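Chain and residue survey
These are the residues of each chain, in order.
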Amino acid sequence: MSAQTMSNIATLLDDARYQEHILQGVSRTFALTIPQLPPALREVVGNAYLLCRIVDTVEDDSALTLEQTRELAGMFTDVVNGKIAAETFAQALYPLLSEHTIPAEHDLIKHTPSVIRITHSFNPAQRQALERCIRIMSQGMAAYQESESLAGLENMAEMDRYCYHVAGVVGEMLTELFCDYSSEINRHKAELMPLSVSFGQGLQMTNILKDIWEDRKRGACWLPRDVFLKEGLDLGDLQPGCSNQGFHAGLGILIGIARSHLQNALTYTCLIPPHETGIRRFCLWAIGMAVLTLNKINHKRDFTAGTQVKISRRSVRTTILVTNLLASHDWALRKIFAISTRNLPATR
């Protein structure tokens, strides 16, 4: 083995250690769920999450102008595709980051080259899945940032499109990675792909509902205007602690739609072979936590901060325990889902 080869291997090992470390800093949830995956998937899914987190950082930092956001999002797409050096991107973005971006994300941007070296070590199918996801996500986020307003999105169809660009496309990417990993899973690809978009939307809608008031503080609203106008409420007039029945009714409609998407997420999970318990746990933990959050939002529709509807650590532990025990049993999973969602509104 040549000295250069040994040096490259050592660098990748250092990069892998950094990836594992930074995941703990930017997302406790994914740092918990990714290790449940089969060893062959852990590194690529962890890397995919970090790539998406870099896109989020570009989109979320309030110190960046719209022009800078567009330029940096496009630059990062080229970095993932191998057209621009990761060092060039990191040097352009890092000095612009504000205190709004958490320290772990500052560190992630500084170490973009480490993340990208891992990205470029994957097989062609994996790289293609990651590149497509980041391209679509970057384009979508930059476009939606330009239209941020407290008036909300125009209609439910626009909310669907937004959720696709920030979460549905991630579902598609994960499905591509799962299908590349397993020929058995790949046989269900035609069924899995549309369900993966719905899976992502269910999770994203839950986050949108939980974060309504935090988003409004920074001048954004991702709720659909048409749903609330039909209930007699203009989202532009929305204030924390709103007791307007139209607002509560609109929330109920969106909770019902999110529940329907999470039902599709369960169908998706049950298409994964029962012996792939790691992938199933990865999916089920996300579904379980989303269902618990929807239940809290539904029970307290007059909440004024996301912390008021945040699920407890005990609930998280219970979700993990139950789904681990039942991960291979479709009938039991469907029964638990039905029981857990029985108080949520049905889709109209």
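Above this text you will find the structure in question.
Residues numbered from 1 in each chain as written. Predicted model: local features only at pLDDT ≥ 70, side-chain atom pairs only at ≥ 80, totals over all residues. Heavy atoms only, no water.

**Some words on the overall build of the protein**
Inclusion rule: Numbering of helices and strands runs from the N terminus, with a helix taken as a DSSP run of H or I at least four residues long and a strand as a DSSP run of E at least two residues long. For a compact globule the rule gives 2.2 Å times the number of residues to the power 0.38, and the radius of gyration it is set against comes from C-alpha atoms. When accessible area is computed with a 1.4 Å probe and restricted to protein chains, residues below 20% of their type maximum are described as buried, those above 50% as exposed, and intermediate ones as partly exposed.
Along the protein, the regular secondary structure elements total 17 helices and 0 strands. Its C-alpha atoms give the protein a radius of gyration of 20 Å, within 12% of the compact-globule value 20 Å for 348 residues. If you line up the protein on its principal axes, its C-alpha atoms span 70 × 50 × 35 Å. Relative to its full complement of 348 residues, the protein shows a buried share of 51%.

**Points about the nonpolar core**
Side chains of nonpolar character tend, in soluble globular proteins, to be buried together. What counts here: Buried residues of nine kinds, namely Ala, Val, Leu, Ile, Met, Phe, Trp, Tyr and Cys, make up a nonpolar core once their side-chain atoms join them within 4.5 Å. Contact criterion: two residues are considered in contact whenever any of their non-hydrogen atoms come within 4.5 Å of each other.
Grouped together as the largest cluster of nonpolar side chains are 105 residues, with contacts concentrated most on Phe-76 and Leu-254. For this core, the leading source of residues is helix H9 (residues 156–181), giving 14 residues. Setting aside residues no more than four positions away along its own chain, Leu-254 makes contact with Met-156, Met-159, Met-205, Leu-209, Leu-223, Pro-224, Val-227 and Phe-228. Listed in part, the 5 residues of the second largest apolar core include Trp-285, Ile-311, Val-316 and Ile-320.

**Focus: the layout of surface pockets**
Empty space left among the atoms is revealed by rolling a probe the size of a water molecule over them. What counts, and what does not: In the cavity and pocket records, a cavity denotes points on a 1 Å grid over the protein atoms alone where a 1.4 Å probe fits but cannot get out, a pocket denotes an open set with protein on both sides within 12 Å along at least 5 of 7 lines, and lining residues are residues with an atom within 4 Å of a point. Grid points are joined across faces, edges and corners, and a volume is the space filled by probe spheres set on the points. Residue polarity is assigned by list, with Asp, Glu, Lys and Arg as charged and Ala, Val, Leu, Ile, Met, Phe, Trp, Tyr, Cys and Pro as nonpolar; anything else, Gly included, falls into the polar class.
Computed from the structure, the second largest pocket encloses a volume of approximately 410 Å³. Along its surface, the second largest pocket is lined by 19 residues, and Gly-288, Leu-292, Thr-319, Ile-336 and Ser-340 are the ones closest to its centre. Breaking the lining of the second largest pocket down by element, the ones donating at least two residues are helix H15 (277–299), helix H16 (313–326) and helix H17 (330–340). By residue number, the principal contributor to the lining of the second largest pocket is H15, which donates 7 residues. When the residues that make up the lining of the second largest pocket are grouped by side-chain class, the tally is 11 nonpolar, 7 polar and 1 charged.

**Looking at the packing of aromatic side chains**
In plain terms, the rule: Only rings of Phe, Tyr and Trp enter the pairing, Trp through its six-membered ring, and a pair is recorded when the two centres are within 6.5 Å. The plane angle decides the type: under 30 degrees is stacked, over 60 is edge-to-face, the rest tilted.
Inspection of every chain in the model, using the stated rule, returns 9 aromatic pairs. Centroid distance Tyr-144 to Tyr-162: 5.1 Å. Interplanar angle 80°. Geometry classified as edge-to-face. Residue Tyr-144 is located in helix H8 (residues 124–146), and its partner Tyr-162 is located in helix H9; the two are separated by 18 residues in the primary sequence. For Tyr-144, a relative accessible area of 9% translates into the label buried. Each residue in the set Tyr-144, Tyr-162 and Trp-222 is aromatic and connected to the rest through ring pairs, giving one cluster.

**Re the side chain of Glu-276**
Defined as follows: Counted as positive: Lys and Arg. Counted as negative: Asp and Glu, with His and the chain ends omitted from the count. When a carboxyl oxygen of Asp or Glu lies within 4 Å of a side-chain nitrogen of Lys or Arg, that pair is called a salt bridge.
Assignment of secondary structure puts Glu-276 in the loop between helix H14 (245–271) and H15. Here Glu-276 occupies a buried position and makes no salt bridge, while the nearest side chain of opposite charge, Arg-280, is found at 8.8 Å. When neighbours within four sequence positions are excluded, Glu-276 is seen to be in contact with Pro-38 and Tyr-181.

**Points about a positive patch on the surface**
Note the threshold: Note that patches include only residues with greater than 30% relative accessible area and no salt bridge, and the join distances are 9 Å for like charges and 5 Å for nonpolar side chains (Val, Leu, Ile, Met, Phe, Trp, Tyr). For the area figures, the Shrake-Rupley method with a 1.4 Å probe applies, and any residue is considered shielded solely by the protein chains shown. Where a charge sits is defined by one atom per residue type, namely NZ (Lys), CZ (Arg), CG (Asp) or CD (Glu).
On the surface, a cluster of positive charge is contributed by Arg-28, Lys-310, Arg-313, Arg-314 and Arg-317. Per-element tally for the positive patch: the top contributor is H16, with 3 residues. Mapped onto the fold, Arg-28 is located in helix H2 (residues 28–33). Note on Arg-28: relative accessible area 67%, which makes it exposed.

Shape descriptors only; they carry no functional weight alone.
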